[in-house]
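# Geometric and topological summary
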Amino acid sequence: MRKYWWSGLTGRVFGNPDTSDQQSVHGTQKTDTHVGSGDENVERGNWSSKREYMLSMVGYAVGLGNVWRFPYLTYKHGGGAFLIPYTIMLVVAGIPLFFLESSLGQFTSQGPINVWRVVPILQGLGVTMVIVSTLVSIYYNVIIAYSLFYLFSSFQYPLPWSCASWYGENCTVSQQAVCNVSVSLNSSLVFLNSSLSYGNCSESDVPTLPAKSSSEQYWDERVLQRTPSMDETGPVVWHLALCLLLAWILVGAALFKGIKSSGKVVYFTALFPYVVLVILVITGALQEGARNGIDFYIGTQSNLTKLAEAEVWKDAASQIFFSLSIAWGGVTALSSYNRFHNNCYQDAIVVCVINCATSVFAGFAIFSILGHMAHVYNKSVDEVADAGFGLAFIAYPEALSQLPVSPLWSILFFFMLLTLGLDSQFAGIEVITTCLTDAWPSFFKSRRSIVTVGVCVVLFLLGLPCVTGAGIYWVTLIDHFCGGWVLLFVGLLELIGLSYIYGLNRFTQDIEMMIGTKSTTFWLWWKSCWFFISPAVILVILVWSLFTLTPPTYGSVPYPDWGVSLGWCITAFCLIWIPIVAVWKVAGASGSLWQRVKTTCRPTDEWGPFLECHRGERYGNEHYGDEHYGDEHYGDERYSDEQPHRRKKSVEMHSDVFFISNHNTRL
């Protein structure tokens, strides 16, 4: 038998993990095009290198939310004051849950549905995660479509949302004022250039009009062609529909061979955004009035009274969940392709810190520009623009139009938004395809490329309502009801399932099988978070928020009653699978009601490391009796590697994600 050893490079963040477990079940023959000859797991495949995994995780976490969602929430909730609950939620909920999910996926080498074989009664959590990933992917690609449209529009000079595009390069102060009038942009910019001619009018000739920047007008009336309310759907905005189609083509092409192809793409898409962000922060800081914006962001103008509002804390937790992609399956899915002895603890810390640091860093670019806009319009920072999804498509375009060689910077910036969005979208689709191939490997495994294309086509069609005249209302609605409440509730049940039903001692020993034995002091903080701190924080925020619930709005536009009701239906549709699957599991078990509940609260026979060589005596089949879960059997024998490398055929045949185990083990 081959002896497995720890590689010296395992401790490095971007080094390759242990590569000694690369023995193939069938020699050197590949199982399919998604599995490499050197993969440790020849059934599912592995990341080609640790570097690809880390870049994919960073790209997954650092997405559009770091640019258009985090600054939007910071702007909405009192500027720098929002950083306080945001940091607290990162420490007590974000990092612990990210570590938990990545460990769970790596340990079992399974997607977000099959990992809940650990607590079968909660396997509906996996279904909810897949549904959330699906809904988020629908509107997330719409945001990418916005970026594509702005990218294409940047290939002209002057930029179409700038004042100079209407009046020429020598735009005067008076013409800048007229440029702020809410004129219709439904007609082409060429027509506007030819029809709006004001000559050499003086400032006194210009009437006092509401200050609305040309970038805001361009966003509302040209890009979105936004209707007055959600009640008026309007026609499909075809330029956005075509951009949406292109976005899905890019996603499908990058994922055509699964992680083997997407792992190569992230070398560029994960690193390029940082180059552009640095340039934008420096450029924004040099603008007149930028200091006022930064002061509002992290300085004396921050509104600390916002900390007394439940919505601030709920949004802080939701942003951590959304940005780190906690509770919607992506972390588990990507981690499931790791090698078994990868240092998932170190990875979790690095990814979470990089993600949140990027959010804060991007905020400087946003608020320096807002400060400049406030200076131009002689207003306070909190009055220069409506907070919302369009913040990045209003503040940033306004800033870019004022830079020298503005089309160049505009192209770079919106190409950055494109790469940020694609990285995160890759993982969202990977959640869906991973769950399908894990559930029915005999059918989907060799057809993974077809599955990926099929998923992209279906989600494109489902996303068409989001590119109508009322599309931005749909995007906001889905985000409000799917990106907040559901994630918090699922995260809470995750903690309850692993901490209170499966048991933290068992779970930490599972992690030690991968990263080695750790001291009691090491586990004290993580157990405290998983067992009490994180569940208590999430529960308090949920209850507190219910008492201060307000209907969603888009800027100053309220949602109709039917729209709010539909939003709650989306929430219910996501969560209803948890009780449905639980009842179905209990009904399928044998014995009295209490015995059935106990049975469905115990891990199935399939729970444990995917490869037999990693299961050891602790998860060997001969130990799956009553004694398997006794504390006296948690000794060092769990590290034994004297088991056959191949997993037993009986395990491979259980393809149903809702497999019922009726073995008589005690809790």
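Residues numbered from 1 in each chain as written. Predicted model: local features only at pLDDT ≥ 70, side-chain atom pairs only at ≥ 80, totals over all residues. Heavy atoms only, no water.

### Structural notes on the overall build of the protein
Heads up, the condition is: For helices the rule is a DSSP run of H or I covering at least 4 residues; for strands it is a run of E covering at least 2, with both sets numbered from the N terminus onward. For the exposure calls, accessible area comes from a 1.4 Å probe over protein chains only, and a residue counts as buried if that area is under 20% of its type's maximum, exposed if over 50%, partly exposed in between. Any two residues whose heavy atoms approach within 4.5 Å are treated as being in contact. Here the Shrake-Rupley method, with its probe set to 1.4 Å, supplies the accessible areas, and only the displayed protein chains count as covering residues.
Check the secondary structure of the protein and you find 27 helices and two strands. Counting all 667 residues of the protein, 62% fall into the buried class. In the protein, 82% of the contacts between residues at least 6 apart in sequence involve partners at least 24 apart. Taken as a whole, the protein presents about 25000 Å² of accessible surface, with 64% of it coming from carbon and sulfur.

### Some thoughts on a nonpolar patch on the surface
Formally: Grouping into patches uses exposed residues only, defined as over 30% relative accessible area, and leaves out salt-bridged ones; the cut-off is 9 Å for like charges and 5 Å for nonpolar side chains (Val, Leu, Ile, Met, Phe, Trp, Tyr). Note on definitions: salt bridges are taken to be side-chain nitrogens of Lys or Arg within 4 Å of carboxyl oxygens of Asp or Glu.
A contiguous nonpolar surface patch, about 650 Å² in accessible area, is contributed by F152, F155, L242, L245, L246, I249 and L250. Looking at the nonpolar patch, the element that brings in the most residues is helix α9 (residues 238-254), giving five residues. Note that I249 resides in helix α9.

### Some words on the nonpolar core
Selection rule: By nonpolar core is meant a set of buried Ala, Val, Leu, Ile, Met, Phe, Trp, Tyr and Cys residues that side-chain atoms within 4.5 Å join together.
If you look at the biggest cluster of nonpolar residues, it comprises 185 residues, and the most contacted ones within it are Y146, W219 and W530. When residues of this core are assigned to their parent elements, the largest contribution, 20 residues, is made by helix α4 (residues 124-153).

### A word on the packing of α4 against helix α24 (residues 577-588)
As a reminder, the rule being used: Lines fitted to C-alpha atoms define the axes here, with helix axes fitted over just the stretch in contact, and angles between the N-to-C directions of these axes take values from 0 to 180 degrees. Should the near helix be turned anticlockwise from the far one by less than a right angle, the crossing is termed left-handed; should it be turned clockwise, right-handed. For this classification, Asp, Glu, Lys and Arg are treated as charged, while Ala, Val, Leu, Ile, Met, Phe, Trp, Tyr, Cys and Pro are nonpolar and the rest, including Gly, are polar.
Running from N to C, α4 and α24 cross one another at 150°; their axes reach a closest spacing of 7 Å. For the pair α4 and α24, the sense of crossing is right-handed. Across from G124, L125, V127, T128 and I131 in α4, the residues of α24 making contact are W577, I578 and V581. Looking at side-chain class alone, the contact of α4 with α24 contains six nonpolar, two polar and no charged residues.

### With respect to the packing of α4 against α9
This is how it is decided: The labels follow the angle: roughly parallel below 35 degrees, roughly antiparallel above 145, roughly perpendicular from 65 to 115, and oblique for the rest.
α9 packs onto α4 with a crossing angle of 110° between their chain directions and a minimal axis gap of 8 Å. Put simply, α4 runs roughly perpendicular to α9. Judged by the twist between their axes, the crossing of α4 over α9 is right-handed. The residues of α9 that touch α4, namely those facing S137, N141, V142, I144, A145, Y146, L148, F149 and F152, are H239, L240, C243, L244, L246, A247, W248 and V251. The residue inventory of the contact of α4 with α9, partitioned by class, reads 14 nonpolar, three polar and no charged.

### What about the pattern of salt bridges?
For side chains of opposite charge, pairing can occur when their charged atoms come near one another. Scanning all chains against the criterion turns up three salt bridges. Of the charged contacts in the structure, one is a salt bridge between E606 and R117, with a shortest N-O distance of 3.2 Å. Pair noted here: E606 is in the loop between α25 (593-600) and α26 (612-615) and R117 is in the loop between α3 (83-108) and α4, with a separation of 489 residues, a long-range link. One salt bridge connects R226 with D220, and the closest N-O pair in it is separated by 3.3 Å. Judged by relative accessible area, D220 falls into the buried class, the value being 11%.

### Digging into the packing of aromatic side chains
Where we set the bar: Between the rings of Phe, Tyr and Trp (Trp by its six-membered ring), a pair exists once the centres lie within 6.5 Å; its type follows the angle of the planes, with under 30 degrees stacked, over 60 edge-to-face, and the other angles tilted.
Tallying each qualifying case throughout the model produces 35 aromatic pairs. Between F99 and W530, the aromatic rings sit 5.6 Å apart at their centres with planes inclined by 40°, giving tilted as the arrangement. Of this pair, F99 sits in helix α3 while W530 is found in helix α22 (residues 520-547), placing the two residues 431 residues apart along the sequence. Pair check on accessibility: F99 and W530 agree, each one buried. A network of ring pairs unites the aromatic residues Y146, Y150, W161, Y218, W219, F393, F413 and F414 as a single cluster.

### Details of the confidence of the model for the protein
This is how the line gets drawn: Per-residue confidence from the predictor is given as pLDDT, running between 0 and 100.
Of all residues in the protein, 75% attain a pLDDT of 70 or more, and the chain-wide mean is 75. A low-confidence stretch, residues 1-32 stays under pLDDT 50, and its non-local contacts, those more than four residues away or across chains, total 69 contacts. Residue range residues 180-211 is modelled with pLDDT below 50. Its contacts to residues more than four positions away, or to other chains, number 45 contacts.

### Overview of α24
Residues spaced three or four apart along an α-helix point in a common direction, a consequence of the helix completing one turn every 3.6 residues. Here is the rule we go by: Each residue after the first adds 1.5 Å to the expected span of a helix. As used here, the arc is the angular range of directions from the helix axis to the C-beta atoms.
End to end, α24 covers 16 Å across twelve residues, agreeing with the expected 16 Å (1.5 Å per residue, within 8%). The complete set of buried residues in α24 reads I578, V581, A582, K585 and V586. Across the axial projection of α24, the buried residues extend over an arc of 135°, all falling on one side. Opposite the packed face of α24, turned more than 90 degrees from it, sit the exposed residues V583 and A587. Buried residues along α24 sit against α4, α21 (485-515), α23 (561-575) and α25.

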